[in-house]
Amino acid sequence: MVGTNAALPRVEVIPLTGAIGPARADFFSRSLAQAQKDQVQLVVLEMDTPGGLDVSMRQIIQAILASPVPVASFIAPSGARAASAGTYILYASHIAAMAPGTNLGAATPVQIGMGGAEPSPGKAPNEDKSTKAASGGAESQSTMERKQVNDAAAYIRGLAQLRGRNEQWAEHAVREAVSLSANEALAQRVIDLTARDLPDLLQKLDGRKVSTAAGERVLHTAGAMVVTIEPSWRDRFLAAVTDPSVALILMMIGMYGLFFEFSSPGYVLPGLAGAICLLVGLYALQMLPINYTGLALVLLGLGCLLAEAFLPTFGTLGVGGIVAFSIGALMLINTDVPGLGIPPGLIVALAAVTGLFVFGVSGMVLKSRRRPVVSGGEQLAHQGGELLDDLSGGAAEGWALVQGERWRVRSAMPLLRGSRVRVVGRDGLVLIVVPDDKN
């Protein structure tokens, strides 16, 4: 049986679901490189994506174009889509296929930054003509958008020419954000074939000739051994931490950990865990399209909220911190790509929890300040005691029992042993006492 499996042609399936980001691009690139070493017949990229980042998309496309192993992009299962960045990847693949009930398109680049930031293929930008006309920078903004759209159109047109697919529709998908169903895509030569599922796809591809970077290859996929490449723990970890919501939460946990360490030095664990979470959160953010003004506001807000617990600002820093954090979190991720934003509900929840925590701590601090002193030298003031020696007055000293402890005491007037006294002051380690009138 082992020998029979070794003789079978091998097909590897790489799933690509969700928003296309750095973690998924890295997973695909490494999986494709391993497939080349294993000399597999075909790599099937099974897609269901709303789009993704331009840098990650181009990393995947470059790996496909340079691959000696044929790559078949398959939009599946039914109900899946390959919007925006997924459409570019499908056009770049050696074979393009779709399952019934799937769609692709809407490849207009989304503006993700200010002043020359890189576009990200996603949903069509929302253009408000009246707003632009009223804006002083409308003309330059419009010029920037045209540059981005023209660049994206030229890019997908080049991919269409390379694979012999419909150039005209590809350009429409970029400029007009149009979409197609599976049957429409097949009729307009956008894809090569439709298939019900993976076995049906492999059956239809058997014997097909494909041109790759290493030359022409004939596929032998009928009855091939199919292996699905699952993400490793490292890939899952990177995918999790590069989620913008997770990155923001990690930063907050990091700030809380440092807060506990600074407020109660010596515990070590809160400070260590906080530093790790903060660094992992910052690592995740540097892989994402962030707005640095938003990041600065988030850090400023967290700093103000933590300072509120230490400084007597009576809520000023706390309220300012919540406002700065909320605005910064809304601005933090600089893209409209689905799946790569921070839900407003999460921002509200984090701000509310942090505000309650900080104001709760501040309230407990204020209550503790109003309580009477129960330890230390100040606690001895107005406490009663009993003389153990006779006092002659003036500078003469003796011993007294105060709060169950023996203290050196001094009185301005003579007092007899056994008299009840009351502490009215302290001179170093000597208590100043007077007769206790209550007894």
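A. Inspection of a nonpolar patch on the surface at higher detail. On the surface, a cluster of nonpolar side chains totalling about 500 Å² of accessible area is made up of Val 319, Val 323, Ile 327, Leu 330, Met 331 and Phe 359. Ranked by residues supplied to the nonpolar patch, first place goes to helix 14 (residues 316-332) with five residues. With respect to the helices, strands and loops of the structure, Phe 359 is situated in helix 15 (residues 344-370).

B. Layout of the pairing of strand 11 (residues 209-212). Of the two faces of strand 11, only one is covered, namely that formed by Val 210 and Thr 212; the face formed by Lys 209 and Ser 211 stays uncovered. Bridge count between strand 11 and strand 12 (residues 215-218): four bridges; the pairing is antiparallel. When the sheet's bridge partners are listed, Ser 211 is paired in strand 12 with Glu 216. Connecting the antiparallel pair strand 11 and strand 12 is a turn made up of two residues.

C. Local environment of the sheet that holds strand 9 (residues 179-181). Taken in spatial order, the three strands of this open sheet run 4-6-9, and their pairing is mixed. The open sheet is flanked by strand 4 (81-83) and strand 9, the only strands paired with a single partner. Taken over all neighbouring pairs, the strand axes of this sheet differ in orientation by 15° on average, direction set aside. The pairing of strand 4 with strand 6 (residues 103-105) spans three bridges and is parallel. By the bridge assignment for strand 6, Ala 82 is matched with Leu 104. Across the sheet, helix 4 (residues 85-92) is in contact with strand 4 and strand 6; its angle to strand 4 comes to roughly 100°.

D. Representation of the packing of helix 11 (residues 244-263) against helix 13 (residues 292-308) in the model. Orientation of helix 11 relative to helix 13, taken along the N-to-C sense of each, is 30°, at an axis distance of 11 Å. One finds that helix 11 runs roughly parallel with respect to helix 13. Judged by the sense of rotation from one axis to the other, the crossing of helix 11 with helix 13 is right-handed. Where helix 11 abuts helix 13, its residues Leu 248, Met 251, Met 252, Met 255 and Phe 259 lie against Leu 295, Val 298, Leu 299, Leu 302, Gly 303 and Leu 306. Its residues assigned to classes, the contact of helix 11 with helix 13 comprises 10 nonpolar, one polar and no charged.

E. Highlighting the nonpolar core. In terms of nonpolar packing, the biggest core is built from 49 residues, with Tyr 88, Ile 89 and Leu 104 touching the most fellow members. Leu 104 has contacts with Ile 75, Ala 82, Thr 87, Leu 90, Met 98, Trp 169, Val 178, Ser 179, Leu 180, Ala 185 and Val 190, leaving out every residue within four places of it along the chain. Ala 19, Leu 250, Met 255 and Ala 351 belong to the second-largest nonpolar core, a separate cluster that totals 30 residues.

F. Geometry of the pattern of salt bridges. Applying the stated criterion across every chain, the model contains 14 salt bridges. Residue Arg 196 pairs with Asp 200 through a salt bridge whose shortest N-O separation is 3.8 Å. The salt bridge involving Asp 427 is made with Arg 410; its shortest N-O contact spans 3.0 Å. Taken as a pair, Asp 427 in strand 17 (residues 420-427) and Arg 410 in strand 16 (residues 405-410) lie far apart in primary sequence, 17 residues in all. Using a relative accessible area of 18% as the deciding quantity, one classes Arg 410 as buried. If you follow the salt bridges from partner to partner, you end up with Asp 26, Arg 30, Arg 234 and Asp 235 in one network.

Calculation notes
- Residues numbered from 1 in each chain as written.
- Predicted model: local features only at pLDDT ≥ 70, side-chain atom pairs only at ≥ 80, totals over all residues.
- Heavy atoms only, no water.
- Patch = residues over 30% accessible without salt bridge, like charges linked within 9 Å, V, L, I, M, F, W, Y side chains within 5 Å.
- Areas by Shrake-Rupley, 256 points an atom, 1.4 Å probe, with all protein chains shown as cover.
- Salt bridge = Lys/Arg side-chain N within 4 Å of Asp/Glu carboxyl O.
- Helix = DSSP H or I, 4+ residues; strand = E, 2+ residues; numbered from the N terminus.
- Buried < 20%, exposed > 50% of the residue type's maximum accessible area, 1.4 Å probe, protein only.
- Pairing = 2+ DSSP bridges.
- Axes fitted to C-alpha atoms, helices over the stretch in contact; angles between N-to-C directions.
- Contact = heavy atoms within 4.5 Å.
- Parallel < 35°, antiparallel > 145°, perpendicular 65-115°, else oblique.
- Left-handed = near helix turned anticlockwise from the far one by under 90°.
- Nonpolar A, V, L, I, M, F, W, Y, C, P; charged D, E, K, R; others polar.
- Core = buried A, V, L, I, M, F, W, Y, C linked by side-chain atoms within 4.5 Å.

Nothing here speaks to function; it is all geometry.
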